[in-house]
Amino acid sequence: MTAVREPGGRYLQLREYRWAGVGLEVARWQSGPATEGVCQLSEHLLLVTLGGVTSRTEARIEDGHRYAGADFPGAVTFIPANRRRVARHGRGLLDYVTIRLDPAQVPAGAGDGVEFIGFTNRVDPLVRQLTLALRDEATSGGVAGQLFVDGVTTTLALHLLRRYSSRVNISAAPTPALAGTRLREVLEHIDDELGGDLRLDRLAGVAELDRHQFGRAFKKAIGVSPHRYVLQRRVERAAELLTRSDRPIAEIALLVGMSSQSHLTTVFRRVFGDTPHAYRRATRHG
């Protein structure tokens, strides 16, 4: 297959971001009066319109969905990997976000021969919510981190499998138990690696679960998602270092896995209601 991505029209703004297994584009795009675009990639493509309209949109996805109507805020388009989509647009101006999802993010237990069902301009509140979460993570400078992105993309992949594939409306598998030695090993691994780039796949491996099972099992056992737990532990470790050491705050931020002092300050204030500097002063002189 030869990859092609020719949206037609012209970009007025385009910002691109990339994490392991997923890419994101935030765009403002102008079309028409008669614009034709073609797309066929090895990744699953999701486009979510945030604002603007087109006067007319017609689209056809290879071996599947045909659409005639117009783009509108909240519209979601899904182009499965390796499927060709041809679209014709009338005049319009759109603000939209594109997610490029590696098919390897889909659960390994999906089964052989699963086929995804593409579509143009449907309403899907969950896809929109997850897309906005990734956009906010990207434009904030990566405050939440890779573990947060892993969680969002895992949820998105499961949603696509359950709603828009030949396994449509499959029920979720029972949540496996995560307790005892396995849970303790996961929590110890998190504490040992707080300063590193913790990944969902690695934590799942420690628990001997796949990444899709692990997120649900961890939340059932601990009460919060892996991302939230790791963030909490990083802030707690930072608080300990602020109280017990004279290390610069910027150094502490890196030691606990934050990207910068400002990253630590943002998260620390959210948890403790104060900046790291103020917290250090209060705990030492209060």
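Residues numbered from 1 in each chain as written. Predicted model: local features only at pLDDT ≥ 70, side-chain atom pairs only at ≥ 80, totals over all residues. Heavy atoms only, no water.

Looking only at helices and strands, the protein chain has 9 helices and 11 strands in total. Projected onto its principal axes, the C-alpha coordinates of the protein chain cover approximately 70 × 40 × 30 Å. For the protein chain, with 286 residues in total, the buried portion stands at 47%. Put simply, 73% of the contacts in the protein chain that link residues at least 6 apart link residues at least 24 apart. Element-wise, carbon and sulfur atoms account for 48% of the exposed surface of the protein chain, whose accessible area totals about 13900 Å². Each charge sign in the protein chain was given a centre, from 39 positive and 31 negative side chains, and these centres are 5 Å apart. (Helix = DSSP H or I, 4+ residues; strand = E, 2+ residues; numbered from the N terminus. Buried < 20%, exposed > 50% of the residue type's maximum accessible area, 1.4 Å probe, protein only. Contact = heavy atoms within 4.5 Å. Areas by Shrake-Rupley, 256 points an atom, 1.4 Å probe, with all protein chains shown as cover. Lys, Arg positive; Asp, Glu negative; His and termini not counted. Charge placed at Lys NZ, Arg CZ, Asp CG, Glu CD.)

In this section: the layout of surface pockets. Considering only enclosed or pocket space, the largest pocket measures out at about 930 Å³ in volume. Taken together, 33 residues form the lining of the largest pocket, with Phe-148, Gly-151, Ser-225, His-227 and Arg-228 sitting closest to its centre. Elements that contribute at least two residues to the lining of the largest pocket include exactly helix H1 (125–139), helix H2 (146–163), helix H5 (211–222), helix H6 (226–244) and helix H8 (261–272). Counting residues per element, the lining of the largest pocket draws most heavily on H2, at 8 residues. (1 Å grid on protein atoms, 1.4 Å probe; cavity = no way out; pocket = protein on both sides within 12 Å on 5 of 7 lines; lining within 4 Å. Points joined across faces, edges and corners; volume = space filled by probe spheres on them.)

Another point: the nonpolar core. Formed by 25 residues in total, the largest nonpolar core has its most connected members in Leu-24, Leu-46, Ile-99 and Leu-134. Elements represented by at least two residues in this core include exactly strand E3 (22–31), strand E5 (44–54), strand E8 (75–79), strand E10 (92–101), H1 and H2. Looking at this core element by element, the count peaks at 6 residues for H2. Excluding its chain neighbours within four sequence positions, the residues that come into contact with Leu-46 are Val-76, Thr-77, Phe-78, Val-97, Thr-98, Ile-99, Val-127, Leu-156 and Leu-160. (Core = buried A, V, L, I, M, F, W, Y, C linked by side-chain atoms within 4.5 Å.)

It is worth spelling out the sheet that holds strand E1 (residues 4–6) at this point. Spatially, 5 strands are ordered E1-E4-E9-E6-E7 in an open sheet, and the strand pairing comes out antiparallel. Of all the strands in the sheet, just E1 and strand E7 (66–69) have a single pairing partner and so form its edges. Averaged over all pairs of adjacent strands, the angle between strand axes in this sheet comes to 15°, irrespective of strand direction. (Pairing = 2+ DSSP bridges. Axes fitted to C-alpha atoms, helices over the stretch in contact; angles between N-to-C directions.)

This brings us to the environment of Pro-125. Tracing the sequence through the fold places Pro-125 in helix H1. What makes Pro-125 exposed here is its relative accessible area of 60%. The sequence separation of Pro-125 and Gly-74 amounts to 51 residues, and the corresponding C-alpha distance is 8.0 Å.

On to empty space enclosed by the protein. This model, assessed by the stated rule, comprises 1 cavity of 30 Å³ or more. The computed volume of the largest cavity comes to approximately 290 Å³. Those elements giving two or more residues to the lining of the largest cavity turn out to be E1, strand E4 (35–40), E5, E8, strand E9 (85–89) and E10.

Turning to helix H3 (residues 180–192), a few remarks are in order. When the terminal C-alpha atoms of H3 are compared, their 18 Å separation across 13 residues agrees well with the 18 Å that a helix rising 1.5 Å per residue should span. Those residues of H3 not exposed but buried are Leu-183, Val-186, His-189 and Ile-190. On an axial view of H3, the arc spanned by its buried residues comes to 125°, and they lie on one face. (Expected span 1.5 Å × (residues − 1). Arc of directions from axis to C-beta.)

It is worth spelling out the packing of aromatic side chains at this point. For the coordinates displayed, the defined rule picks out 9 aromatic pairs. Seen from their ring centres, Phe-78 and Phe-116 are 6.1 Å apart, and the 90° between their planes marks the pair as edge-to-face. Of this pair, Phe-78 sits in strand E8 while Phe-116 sits in the loop between E10 and strand E11 (119–123), placing them 38 residues apart in sequence. Residue Phe-78 shares its accessibility class with Phe-116, and that shared class is buried. Each ring, one from Phe-268 and one from Tyr-279, has its centre 5.2 Å from the other, and the planes form 75°; the classification is edge-to-face. With Phe-268 in helix H8 and Tyr-279 in helix H9 (residues 276–285), the pair connects residues that are 11 residues apart, well separated along the chain. Assigned by exposure class, Phe-268 and Tyr-279 land together as buried. Ring pairs connect the aromatic residues Phe-78, Phe-116, Phe-119 and Tyr-164, which therefore count as one cluster. (Phe/Tyr/Trp six-rings, centres within 6.5 Å; stacked < 30°, edge-to-face > 60°.)

Take the side chain of His-89 next. With respect to the helices and strands, the residue His-89 is situated in strand E9. At 3.4 Å, the side chain of His-89 and the side chain of Asp-71 are in polar contact. Once residues within four sequence positions are removed from consideration, His-89 is found in contact with Trp-29, Ser-31, Gly-32, Pro-33, Ala-34, Thr-35, Thr-54, Arg-56, Thr-57 and Asp-71. (Polar contact = N/O pair within 3.5 Å; in protein donor to acceptor, adjacent residues only side chain to side chain.)

The strand order across the open sheet formed by 6 strands is E2-E3-E10-E5-E8-E11, and the pairing between neighbours is antiparallel. Whereas interior strands pair on both sides, the edge strands pair on one side only; in this sheet they are strand E2 (10–19) and E11. Averaged over all neighbouring strand pairs, the angle between strand axes comes to 20°, with direction disregarded. The sheet contact formed by E2 and E3 spans 9 bridges and is antiparallel. Across the sheet, Gln-13 pairs through a bridge with Arg-28, a residue of E3. Strands in contact with H2 are E2, E3, E5, E8 and E10; relative to E10, the strand with the most contacts, it is inclined by about 95°.

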